[in-house]
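If you want the building blocks of each chain, they are given just below.
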Number of protein chains: 4
Amino acid sequence: MSSTYGENLKLSIFGQSHGPAVGMTLDGIPAGLPVDFAELQAFLSRRAPGQNAWSTPRKEADAPEFLSGLLDGFTCGAPIAAVIRSSNTRSGDYADLTDCPRPGHADYTAQVKYGGFQDPRGGGHFSGRLTAPLCIAGGLCKQWLRAEGVEIHAHIYAIAAVKDLPFDDLHPQTEDIGTDFPVLDPAAGEKMRAAIAAAREQGDSVGGIVECAVTGLPAGLGEPMFGGMEGRLAQILYGIPAVKGVEFGAGFAAAAMLGSENNDDFTMADGQVRTCTNHCGGILGGISNGMPLIFRAAFKPTPSISRPQLSVSLSRGESRVLEVHGRHDPCIVPRAVPVAEAAAAIAIFDLFLGNTQTNRRK
Amino acid sequence: MSSTYGENLKLSIFGQSHGPAVGMTLDGIPAGLPVDFAELQAFLSRRAPGQNAWSTPRKEADAPEFLSGLLDGFTCGAPIAAVIRSSNTRSGDYADLTDCPRPGHADYTAQVKYGGFQDPRGGGHFSGRLTAPLCIAGGLCKQWLRAEGVEIHAHIYAIAAVKDLPFDDLHPQTEDIGTDFPVLDPAAGEKMRAAIAAAREQGDSVGGIVECAVTGLPAGLGEPMFGGMEGRLAQILYGIPAVKGVEFGAGFAAAAMLGSENNDDFTMADGQVRTCTNHCGGILGGISNGMPLIFRAAFKPTPSISRPQLSVSLSRGESRVLEVHGRHDPCIVPRAVPVAEAAAAIAIFDLFLGNTQTNRRK
Amino acid sequence: MSSTYGENLKLSIFGQSHGPAVGMTLDGIPAGLPVDFAELQAFLSRRAPGQNAWSTPRKEADAPEFLSGLLDGFTCGAPIAAVIRSSNTRSGDYADLTDCPRPGHADYTAQVKYGGFQDPRGGGHFSGRLTAPLCIAGGLCKQWLRAEGVEIHAHIYAIAAVKDLPFDDLHPQTEDIGTDFPVLDPAAGEKMRAAIAAAREQGDSVGGIVECAVTGLPAGLGEPMFGGMEGRLAQILYGIPAVKGVEFGAGFAAAAMLGSENNDDFTMADGQVRTCTNHCGGILGGISNGMPLIFRAAFKPTPSISRPQLSVSLSRGESRVLEVHGRHDPCIVPRAVPVAEAAAAIAIFDLFLGNTQTNRRK
Amino acid sequence: MSSTYGENLKLSIFGQSHGPAVGMTLDGIPAGLPVDFAELQAFLSRRAPGQNAWSTPRKEADAPEFLSGLLDGFTCGAPIAAVIRSSNTRSGDYADLTDCPRPGHADYTAQVKYGGFQDPRGGGHFSGRLTAPLCIAGGLCKQWLRAEGVEIHAHIYAIAAVKDLPFDDLHPQTEDIGTDFPVLDPAAGEKMRAAIAAAREQGDSVGGIVECAVTGLPAGLGEPMFGGMEGRLAQILYGIPAVKGVEFGAGFAAAAMLGSENNDDFTMADGQVRTCTNHCGGILGGISNGMPLIFRAAFKPTPSISRPQLSVSLSRGESRVLEVHGRHDPCIVPRAVPVAEAAAAIAIFDLFLGNTQTNRRK
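Figured I'd write up the structure that's included with this text. What you see is a predicted model; the values in this text were computed from it and never measured. (Residues numbered from 1 in each chain as written. Chains lettered and ligands numbered in written order. Predicted model: local features only at pLDDT ≥ 70, side-chain atom pairs only at ≥ 80, totals over all residues. Heavy atoms only, no water.)

1. Quick notes on the overall build of chain A
Note the cut-off: Numbering goes from the N terminus for both helices and strands, where a helix is a DSSP run of H or I of at least four residues and a strand is a run of E of at least two. Contacts are assigned to residue pairs with any non-hydrogen atoms lying within 4.5 Å of each other. Under the convention used here, a 1.4 Å probe and the Shrake-Rupley method define accessible areas, while residue burial counts only the protein chains that appear. We score Asp and Glu as negative and Lys and Arg as positive, and we do not count His or the chain ends. Taken as the charge location is NZ of Lys, CZ of Arg, CG of Asp or CD of Glu.
Summing up its helical and strand segments, chain A has nine helices and 18 strands in all. Counting only C-alpha atoms and orienting by the principal axes, one finds that chain A spans roughly 70 × 50 × 35 Å. Pairs at least 24 apart in sequence give 70% of the contacts found in chain A among residues at least 6 apart. Carbon and sulfur atoms form 51% of the exposed surface of chain A, whose accessible area is close to 11300 Å². Side chains of chain A give 30 positive and 38 negative charges; the mean places of these two sets differ by 6 Å.

Put into structure tokens, the structure is as follows:
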């Protein structure tokens, strides 16, 4: 299945970039959970475009309309459904888009898969715009997780070759994250903005890495094997366009460590079992161990660039040069920070709902 | 759900390390597919322990018995079920195992989740032994994919700090992989074995990275968003114990590239649409583009080491020193190579079965 | 999960009776399928209220707006999403509805399950109005099945004690079904209308049975055990409010037959394997045999009646008399006929999409 | 998918009638649940053949071997797996079985679906023998439901034209069910046995109806629409071979009632909300209302009869007479009684596990 996620909740995301609306349904949510609409809107605004110098100048309100699932500000047990209307969709002629696929985009694979019936306008269903309804679902789950004591914070870990400070994986410094441009080290942030500006000037783009910390998780969440936290999180994170790598804790660096270095010794602290280090990123055997959950997701540079590129004419079966015009983010990583948080919130709330093991013992 | 995978096929894996058997059921497989038992056994032997100097000296035959799903060497439409009997399970006293969790293992998280009812012997359901039934399912899927022209080959990309040559991502040199110790560069292989031997001498362990190439894939496989190839593959790969990172194509390195570098230009070759580079690892928008699919999975060092480690006594709530005795792989990466191939085969065959889009057009 | 159906397609239905809209998302549909909007609207009108003397005088347009999944009149591979706006929702005071549950309705069970957070207005998510989006999905599936040669026709088999002619299960007389009031025998239809009118005059209601025939089905559709056609159809049919019984072929009557009577002998006709009788209703072992698929669904009488009934005050924990006012269908069976067709179309199209067995052999 | 059931638990059933074993895996069960093996064996013996005069003289022990999921008599969180070895499988020549399908069996539909690769011996995966592993899973769920105060009892409601007393749907007389031949009215039981004996003498068979009562259910279990108790139960019940009809409460009879008759008035009894009648069978809006859950499942007569029947030679495309020899139950209804209980137990325990709504409020 394509755009459906979840075991205990069922998230279904729909829409095309230039269609009348994007939206989502979220089934399986218990009744009686409150919704703070102002907080949700603030969260959605972190993802919305046109907010600042380093993102696309398009303006989209990203104001969701709830069609189902709420009553008087609380969930009512019916599936939640919300849509965001498209403000300015211009159909225009899009024949050329299906004939000459843009490098790095899903144009070609969609053409092969859907045989020319796909919606090519603005990337159709493959557009980053589909992360807006993901953020509706994720913004709600974040609120409900906070009520359980679980906080989710992400920052820009890297843009191009510039790295931010990493999270302290024992005590993530989540309060130090800048609000305007979410980094821990303002100086690194300055260099990142410069890298974005430089790419923009060249008609080019840059990628980056988002790092996320989830604190307040109880131990015992997640399932063995394919239901492990890593796998559940990775599946939804790879649903975000442009993600090409996901790692947990020490991640790829763990491969170069000795067991005696990488193993996290246990200790007692305030009557709680804790680990002395956190190379495992809070997950052992797919199950949370009560330490901060740490993951990083790598985003490739935005494929939309204005420099000439080589492509092919599918109808004529020959190479041609493609020049793409229009307004594009030279770097989507800043806007991807809340999207990664949203994805994590959905995956973790899904595990909460299905935690029959813990529920039984209560 | 825990140990169940798949959308169009349903794989269910069961067993505990010291239980009477491990096994799997695989439902949803079409009838009429042939099974080459000798080839399957050869594949399983690549994973089996006790084969050589760098793995555990335990001997386990890993000979599967098929209980359902086959008739006269072909699938018959009934769910496939196979078990591997445990040869030498010694119960012994295992009270201490639940009181003093081993660092890096799932002992503590299992204790919290299952409240002391988990099977602690040899890691129970969290043991690497559960990859044996995964390889039964994967070995079958590999055979059936080969009949569709799809080949899956993996090699040891890194052990400790030693790196093998990477795959040529346009023309993976799959025929150069050594059979005994699967690397592309024999000299690197020598250094890796030395690193393993050194760790073993110290009572320590090393991790590594497995790289896998899937060739012969048709374009158009996979679904948008959460059903993308990356997400489907990552979910099953994270089901392998010790995996802490998964990346596709250029992966984390893509984050540091410019869009103009990372985008793979299209070209025509022999009447086929191809890309000039393959930084996307054969996947655009979650869907295969017909180029080799390339991924890497990072394995942390085996947590079982014989050096003293710090842990806690859960019953007494105090720190203590833990010394683990027994026979352990100082490095599971060589044996993980076929496991990664198996996981990829299952995920890809699952996508093949569900490719209603392509099926319709035939 | 609650309002989600399907294995190969994923249908998610949302909305509350008096909410801003009801709607559905339908994921997993191949691209390139045409949509005949006029035909869809005509199908939806068969279910819509206010059409005639025997249904509720409310007027609702039931005009769907498609938000996703279509381009130029064809499916485009993105999930299909459609909503029907509510025309006249009056909030009013609904405190009394949650305190005094209506007999035969879901008021009490919703109150227990959702702890008072459910939407009680007009039955909320339990309202028959939710069959409108079911008919959007089903109307689409009907069109696509017709392109495969599969036709779905239902009629009113019984209302109160009045019975229509049954379908000839070898050659269902689907062309004889009246369009205004769908029965095979106009005289029976007259008596049924009289029974409805009599109930209405008494402030009472009547139930009935819908019989459905699916013709043109290929043999080999469906899966063994829990994936059988009967089980898949029954699950979706029981999703229609008021259904309390479902049977296939001879159904309950088969229980009183001898094996030699009930078994359907095979014969050859025009080079095709056919059965001489069709007591199995076109399904053997859960799999279609190429004969007409016949099922019946029993609908209880509309629970909304205007006669005084006994209920309880939940807040005071004491019995009280309840009188319900408002506009209600004295019989929903005529409007349930297209709903049963829609449900069947969804279940069968789902099986078509998943028929990997047949797809492979093509 | 075929032989997989469940949302919160995942049941997978495997095996062929004459294969080496039948079995099941059951994933998603919390750890710490006790297993009473003697009680389980007693339950399985109720289904096992060869117990008495009215069933097949074959002797099969139906003694399950547990391969996974248990430790020291408690569930341990790993998936439960159990197999029942086949004692006497005789391969023989079975070419004729695929050429001349038996009326009323799945032979023909399996041949079409699986293209001749199906296992035809004894019905293969479509055999009633597959209800043995269903009873393992169901027998376990019954034990765990009893610990929650939920009891499941079924009796033979009808065989051929002979009817037992129905359950009192307010106070099911579950203690009056005979153990040897489970009926409420011993006189009816006598007539049923006579009907079975008469059919056997004629080389014929008879069908019947099983009625089941579930008592002690809390109100609030089940989900709206497709997740309703009726639909979940019907799906698993139709997974039992020979079931052709399922109804709840008044079922088909409700179709002929007035709303004022069928609606179950509410009242207070001992401080509890109860209904004065129970035509809804304990389910309103798909959700349990705390009254006894009542359902009936209609079984067609065993298709295996020894009288000559008309069939076809598939290879020659012509009609022929078929005579089936061997040992067959002239009536499977007595043995189906525990199978219906097992199916109900699985469906209800699945709903218990997923009851996140109720779990949250605890």
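2. Some remarks on the packing of aromatic side chains
Centre distance and the angle of the planes are the two values used to describe a pair of aromatic rings. Filter applied, for reference: The aromatic pairing rule takes the rings of Phe, Tyr and Trp, using the six-membered ring of Trp, and pairs them if the centres are within 6.5 Å, calling planes under 30 degrees apart stacked, those over 60 edge-to-face and the rest tilted. Only protein chains enter the accessibility calculation, which uses a 1.4 Å probe; a residue whose area is less than 20% of its type maximum is buried, one above 50% is exposed, and one in between is partly exposed. For a lysine, the NZ atom is tested; for an arginine, the CZ atom; a charge sits over a ring if that atom is within 6 Å of the ring centre and within 35 degrees of the ring normal.
Applying the stated criterion to the full structure yields 30 aromatic pairs over all chains. When the centroid spacing of 6.1 Å and the interplanar angle of 50 degrees are considered together, the rings of F248 of chain B and F295 of chain B count as tilted. Remark: F295 of chain B occurs in strand 16 (residues 293-299) and F248 of chain B occurs in strand 11 (residues 243-248); sequence separation between them is 47 residues. Taken individually, F248 of chain B and F295 of chain B each receive the classification buried, so the pair is uniform in this respect. Taken together, the aromatic side chains of Y238 of chain A together with F248 and F295 of chain B make up a single cluster linked through ring pairs. The positively charged end of R296 of chain A is found above the aromatic ring belonging to Y157 of chain A, 5.6 Å away from the centroid.

3. Digging into the environment of G285 of chain D
Inspection of the secondary structure assignment puts G285 of chain D in the loop between strand 14 (283-284) and strand 15 (287-288). It is 43 Å that separates the C-alpha atoms of G285 of chain D and F117 of chain D, two residues lying 168 residues apart in sequence. Not counting chain neighbours up to four residues away, the residues in contact with G285 of chain D comprise A106 and F126 of chain C together with E223 and P224 of chain D.

4. Some points on the relation of the copies chain B and chain A
What relates the two chain copies is a rotation about an axis together with a slide along it. What counts here: Fitting of the copies onto one another was done by least squares over C-alpha atoms, counting residues only where both copies have pLDDT of at least 70.
If you rotate chain B by 180 degrees and push it 0.0 Å along the axis, it lands on chain A with an RMSD of 0.0 Å. Both copies are brought into coincidence by an operation consistent with a two-fold rotation axis. A share of 100% of the interface residues of chain B reappears at the interface of chain A, consistent with the copies meeting face to face through the same patch.

5. A look at the interface of chain C and chain A
This is how the line gets drawn: Buried area: the sum, over both parts, of the accessible surface (1.4 Å probe) that disappears when the two are put together. A pair is scored as a salt bridge if a Lys or Arg side-chain nitrogen falls within 4 Å of a carboxyl oxygen belonging to Asp or Glu. Polar contacts here mean pairs of N or O atoms no more than 3.5 Å apart (in protein, one a potential hydrogen donor and the other a potential acceptor; neighbouring residues in sequence count only if both atoms are side-chain atoms).
With 45 residues of chain C at the contact, the number on the chain A side is 45 residues. Interface area for chain C against chain A, summed over the two sides, is near 3200 Å², with a carbon-plus-sulfur share of 61%. Our count for the contact surface shared by chain C and chain A stands at two salt bridges. The residue E65 of chain A makes a salt bridge to R85 of chain C at a minimum N-O spacing of 2.8 Å. Taken together, the links from chain C to chain A amount to 14 residue pairs in polar contact (both at pLDDT 80 or more). Every element with two or more residues in the side of chain C that touches chain A is listed here: strand 2 (10-15), strand 3 (21-27), strand 4 (65-68), strand 5 (70-71), strand 6 (74-75) and strand 7 (80-85) of chain C. It is strand 2 of chain C that provides the largest number of residues to the side of chain C that touches chain A, a total of five residues.

6. Description of the relation of the copies chain C and chain A
Mapping chain C onto chain A calls for a screw motion: a turn of 180 degrees about the axis and a shift of 0.0 Å along it, with 0.0 Å RMSD after fitting. An overlap of 100% is found between the interface residues of chain C and their copies at the interface of chain A, pointing to a shared contact surface.

7. Considering the sheet that holds strand 1 (residues 4-5) of chain C
Residue and element names in this part refer to chain C. Which entries qualify depends on this criterion: Strands qualify as paired when DSSP identifies two bridges or more between them.
Spatial strand order, 1-2-3-7-4: five strands in an open sheet with antiparallel pairing. A single partner strand is all that each edge strand has here, and the edge strands are strand 1 and strand 4. By the bridge criterion, six bridges tie strand 2 to strand 3 in an arrangement that is antiparallel. Residue pairing in the sheet places F14 in a bridge with G23 of strand 3.

8. Considerations on the pairing of strand 13 (residues 272-275) of chain C
Residue and element names in this part refer to chain C. The two faces of strand 13 differ: V273 and T275 on one face are buried, but Q272 and R274 on the other face are not. Where strand 12 (residues 266-269) and strand 13 come together, four bridges link them in antiparallel fashion. Bridge pairing in strand 13 links T267 to R274. Between strand 12 and strand 13, which pair antiparallel and follow one another directly, the connecting turn spans two residues, one of which, D270, has a positive phi of 55 degrees.

9. Quick notes on the side chain of D350 of chain B
All names here are of chain B. Checked against the element boundaries, D350 lands in helix 8 (residues 333-353). Under the relative-accessibility criterion, D350 is labelled buried at 1%. In this structure D350 touches Y5, G6, E7, N8, L9 and R232, once residues within four positions along its chain are discounted.

10. Notes on the interface of chain B and chain A
What counts, and what does not: Basically, the charged four are Asp, Glu, Lys and Arg, the nonpolar ten are Ala, Val, Leu, Ile, Met, Phe, Trp, Tyr, Cys and Pro, and anything else, Gly included, counts as polar.
Each partner contributes residues to the interface: chain B has 98 residues there, and chain A has 98 residues. When chain B packs against chain A, close to 8000 Å² is buried across both sides, 63% of that on carbon and sulfur atoms. In this structure, the connection of chain B to chain A is made through four salt bridges. A salt bridge links K113 of chain A to E223 of chain B, with the nearest nitrogen and oxygen atoms 3.5 Å apart. Inspection of the region where chain B meets chain A yields 35 residue pairs in polar contact (both at pLDDT 80 or more). Residue composition of the side of chain B that touches chain A, by class: 48 nonpolar, 34 polar and 16 charged.

11. Some details on unusual backbone geometry
Positive phi, normally seen in glycine, also occurs at D270 of chain B, with a value near 55 degrees. By the element assignment, D270 of chain B lies in the loop between strand 12 (266-269) and strand 13 (272-275). When its relative accessible area of 81% is taken as the criterion, D270 of chain B is described as exposed. Despite not being glycine, D72 of chain D shows a phi value in the positive range, around 55 degrees. By secondary structure assignment, the location of D72 of chain D is in the loop between strand 5 (70-71) and strand 6 (74-75).

12. Some thoughts on the sheet that holds strand 3 (residues 21-27) of chain D
Residues and elements named next belong to chain D. Read across the sheet, five strands follow the order 1-2-3-7-4 without closing on themselves; strand pairing throughout is antiparallel. In this open sheet, the two edge strands, each paired with only one partner strand, are strand 1 (4-5) and strand 4 (65-68). Pairing between strand 1 and strand 2 (residues 10-15): two bridges, direction antiparallel. Counterpart to Y5 in the pairing with strand 2 is L11.

13. Some thoughts on the environment of G220 of chain D
All names here are of chain D. Here G220 lies in the loop between strand 10 (208-215) and helix 6 (229-237). When its relative accessible area of 0% is taken as the criterion, G220 is described as buried. With 50 residues separating them in the primary sequence, G220 and L170 have C-alpha atoms 18 Å apart.

14. Some thoughts on the pattern of salt bridges
When the charged atoms of two side chains lie near each other, side chains of opposite charge can form a pair. Tallied over the entire structure, the rule returns 75 salt bridges over all chains. With its nearest N and O atoms 3.0 Å apart, the salt bridge here joins R46 of chain C to E341 of chain C. With R46 of chain C in helix 1 (residues 37-47) and E341 of chain C in helix 8 (residues 333-353), this pair connects stretches of sequence that are 295 residues apart. Taking the shortest distance from any N to any O, the salt bridge between R316 of chain C and E318 of chain C comes out at 3.4 Å. By relative accessible area, R316 of chain C is classed as exposed at 53%. Look at E318 of chain C and you get partly exposed, because its relative accessible area is 37%. Several salt bridges share partner residues, and in doing so they unite E39, R146 and E151 of chain A into one network.

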